[in-house]
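Chains, contacts and geometry: an overview
Listed below are the residues making up each chain.
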Amino acid sequence: MMMHLDFEKNLGSTDKAIRVIIGVVLIGLYMTGTFRGGWGIAAVAFALAQFVEAYFSY
């Protein structure tokens, strides 16, 4: 028996904008040296995840 899942997109334009702003701020903090080492890598990874989620609007 196959199950069909049909999910609706749940990101609005405000949510997308907030995710992009968070991503830009985190990358900016990494580039200025505020976040270094493991924290910097985690910040960049989280920022990239925010951009991907905003772009694909899961």
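This structure is a prediction, so every number in the text was calculated from the model and none was measured.

So, how was this worked out
Residues numbered from 1 in each chain as written. Predicted model: local features only at pLDDT ≥ 70, side-chain atom pairs only at ≥ 80, totals over all residues. Heavy atoms only, no water. Salt bridge = Lys/Arg side-chain N within 4 Å of Asp/Glu carboxyl O. Helix = DSSP H or I, 4+ residues; strand = E, 2+ residues; numbered from the N terminus. Buried < 20%, exposed > 50% of the residue type's maximum accessible area, 1.4 Å probe, protein only. Expected span 1.5 Å × (residues − 1). Arc of directions from axis to C-beta.

1. Overview of the pattern of salt bridges
Tallied over the full model, the rule gives 2 salt bridges. Two residues, Arg19 and Glu53, come together in a salt bridge whose shortest N-O distance is 2.4 Å. With Arg19 in helix H1 (residues 13-31) and Glu53 in helix H2 (residues 37-56), this residue pair connects regions lying 34 residues apart in the sequence. Judged by its relative accessible area of 13%, Arg19 is buried. Residues participating in the shared-partner salt-bridge network are Asp15, Arg19 and Glu53.

2. Things to note about the environment of Ala49
Its location among the elements puts Ala49 in helix H2. Separated by 26 residues in the primary sequence, Ala49 and Gly23 place their C-alpha atoms 8.1 Å from one another.

3. Thoughts on H1
For H1, with 19 residues, the first-to-last C-alpha span of 27 Å sits near the 27 Å given by 1.5 Å per residue. Residues Arg19, Gly23 and Leu26 constitute the buried set of H1. All buried residues of H1 fall inside an arc of 70 degrees around its axis, so they share one side. Seen from the buried face of H1, the exposed residues on the opposite side, beyond 90 degrees, are Ser13, Thr14, Ile21 and Met31. With its phi angle positive at about 90 degrees, Gly33 sits one or two positions after the end of H1.

4. Structural notes on H2
With 20 residues, H2 extends 29 Å between its outermost C-alpha atoms, agreeing within 8% with the 28 Å of an ideal straight helix rising 1.5 Å per residue. Turning to H2, its buried residues are Gly40, Ala43, Ala47, Gln50 and Ala54. End-on, the buried residues of H2 take up no more than an arc of 85 degrees, which puts them together on one face. In H2, the exposed residues that point more than 90 degrees away from the buried face are Gly38, Ile41 and Phe56.

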